[in-house]
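Structural description and commentary
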Amino acid sequence: MRYLFVHQNFPGQFLHLVRHLHEKGGHEVVFISEANSGALPGVRRVLYKVTRTPSDATHPALRELEMGLGRAEAVARAATTLKSLGYVPDIIIGHHGWGELLNIVDVYPETPILGYFEFFYHTDKYDVGFDPEFPPSPALLPNVRVKNTINLLALNLPGYGQTPTEFQRNTYPEWAQPNISLLREGVNLELCAPEPAIFKRSLKIADVPVGPKDKLITYVARDLEPYRGYHSFMRALPYILDARPDVKIILVGGDRTSYGPRPAQGCWREVLLQELEGRLDLSRVHFVGKVDYDTFRTLLRRSDAHVYLTYPFVASWSLREAMATGCAIVGSRTEPVEEFIKDRETGLLVPFLEPQEIARGVLEILEDKKLARRLRKAARAEAEKKLSLNEYLNQYDALVERIVGA
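Described below are features of the structure shown in this document. Predicted, not measured: the structure shown is a model, and the values here were computed from it.

This part covers the sheet that holds strand 7 (residues 180–182). Ordered in space as 3-2-1-4-5-6-7, the seven strands form an open sheet in which the pairing is parallel. For this open sheet the edge positions go to strand 3 (43–47) and strand 7, each flanked by a neighbour on one side alone. Ignoring strand direction, the axes of neighbouring strands in this sheet form an average angle of 25 degrees. Contacts from helix 1 (residues 15–24) reach strand 1 (2–6), strand 2 (28–33), strand 3 and strand 4 (91–95) within the one sheet, and its direction differs from that of strand 1 by about 160 degrees. Sheet strands in contact with helix 14 (residues 389–405) are strand 1, strand 4, strand 5 (113–116), strand 6 (160–163) and strand 7, and its direction is about 125 degrees off that of strand 4.

Below, the structure written as structure tokens:
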């Protein structure tokens, strides 16, 4: 088959699928994206460049839409060139959130489109207004509605949709959900696997020494920010550190803000450190920034308790990888996490907004070894049952075959 992928940040969510197609052989794969240093065997890349960007005079709520329309135009130009060279794909696969697929239907009207639908924004539930510390301003609500413009345009295109969780699909209007297939993303269960012997060794993880007698608490996010519960986790640390002198904390994440409000000054890491000044033993709290994948896997394998918190928003890949690694997980009692973790069966669920309860969950795992072992085993078993990368790719193949056959 001939595949055409579209994502501004090659390869985006399609890394595993593109590798899978190359390994199977017999397929042509072309990928339209903006320029970056990425490369994958068996993939021809076609680069696009947005020539029109929002000006200062553009209404702030419209800048994302205008950027999406600019991407749509640029992708359509690249696709027109491809078509003139004789490339007509059997299927087009991309991410609807960036607007890139909006015009490609005019270039290839006979080719089915399978678009990734990530999240539909609401003014009255999910992430907006969830955290009372950051109440939405009246001016925010119209902007939230405008954020769905690309979503709504995409939902009215001919084609098909897919999304990785029931929570994400349920954020979309009821009339749209039947056309959005649930395609649960998987992880490599061999790469992300438990290693029980690691607890008996002395290690250095991102230059942090961790001995066999240390109790390691881990926290991972793309960026340290409220959407991923960084503020709640930090406020839980004084209780954990005071209760257990053998605890070390490693936090992975950058200092930017991926989602939600930016602090008035500096970054959220600095804001919380200032708030908690004098209450933390900083010799045992280690901020390691972003780490390479091998370090990340070692961190999860050695973790005594892994904390994953999120607003009612898209769940991070790291939650899936933590389950596959057999971590004892303390997760927030929010819908995205509840879809993965069953309380006291595959992890402990705690209130997102209550630091003392987060601390209590961590300390229970540290103190109850039998519970920790049971949760680790169950998390890994759940990952093997529902988060297999191979099964995910097989389901992807089957969905593509149904669409192309139709």
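Continuing now.
One can describe the packing of helix 7 (residues 230–243) onto helix 8 (residues 268–275) by two numbers: an axis separation of 10 Å at closest approach and a directional angle of 30 degrees. Taken together, the axis directions place helix 7 and helix 8 in an arrangement best described as roughly parallel. When you trace helix 7 past helix 8, the crossing you get is right-handed. When helix 7 is examined against helix 8, the residues Y230, H231, M234 and R235 are found in contact with a partner set consisting of W268, R269, L272, L273 and E275. Looking at the contact of helix 7 with helix 8 residue by residue, the classes come out as five nonpolar, one polar and three charged.

Every regular strand shows the same layout, with side chains that alternate between the two sheet faces. For strand 11 (residues 247–254), the tally of buried residues reaches eight of eight residues, placing the bulk of the element in the interior. Both faces of strand 11 are covered, namely the face carrying V247, I249, L251 and G253 and the face carrying K248, I250, V252 and G254. Of the pairings in the sheet, the one linking strand 10 (residues 215–223) to strand 11 comprises seven bridges and is parallel in character. Bridged to I217 within strand 11 is I249. In this view, the connection linking strand 10 to its parallel neighbour strand 11 by way of helix 7 has right-handed handedness. Sheet analysis places strand 11 next to strand 12 (residues 285–287), joined by three bridges and oriented parallel. Its bridge partner lying in strand 12, I249 is registered against V285. Between strand 11 and its parallel partner strand 12, the chain crosses via helix 8, and the hand of that crossover is right-handed.

Moving on, we get to unusual backbone geometry. A cis amide bond links F10 to the next residue, P11, at an omega of -5 degrees. Position of P11 among the secondary structure elements: in the loop between strand 1 and helix 1. Despite not being glycine, Y126 has its phi angle at roughly 60 degrees, a positive value. Along the chain, the position of Y126 falls in the loop between strand 5 and helix 4 (140–147). We classify Y126 as buried; its relative accessible area is 12%. One non-glycine residue, R344, lies in the positive phi region at around 65 degrees. You can see R344 is positioned in the loop between helix 11 (335–338) and strand 15 (348–350). Taking the relative accessible area as the measure of exposure, R344 reaches 38% and is therefore partly exposed.

Each value, and the rule that gives it
Residues numbered from 1 in each chain as written. Predicted model: local features only at pLDDT ≥ 70, side-chain atom pairs only at ≥ 80, totals over all residues. Heavy atoms only, no water. Pairing = 2+ DSSP bridges. Helix = DSSP H or I, 4+ residues; strand = E, 2+ residues; numbered from the N terminus. Axes fitted to C-alpha atoms, helices over the stretch in contact; angles between N-to-C directions. Contact = heavy atoms within 4.5 Å. Parallel < 35°, antiparallel > 145°, perpendicular 65-115°, else oblique. Left-handed = near helix turned anticlockwise from the far one by under 90°. Nonpolar A, V, L, I, M, F, W, Y, C, P; charged D, E, K, R; others polar. Buried < 20%, exposed > 50% of the residue type's maximum accessible area, 1.4 Å probe, protein only. Right-handed = clockwise from strand over helix to strand, strands pointing away.

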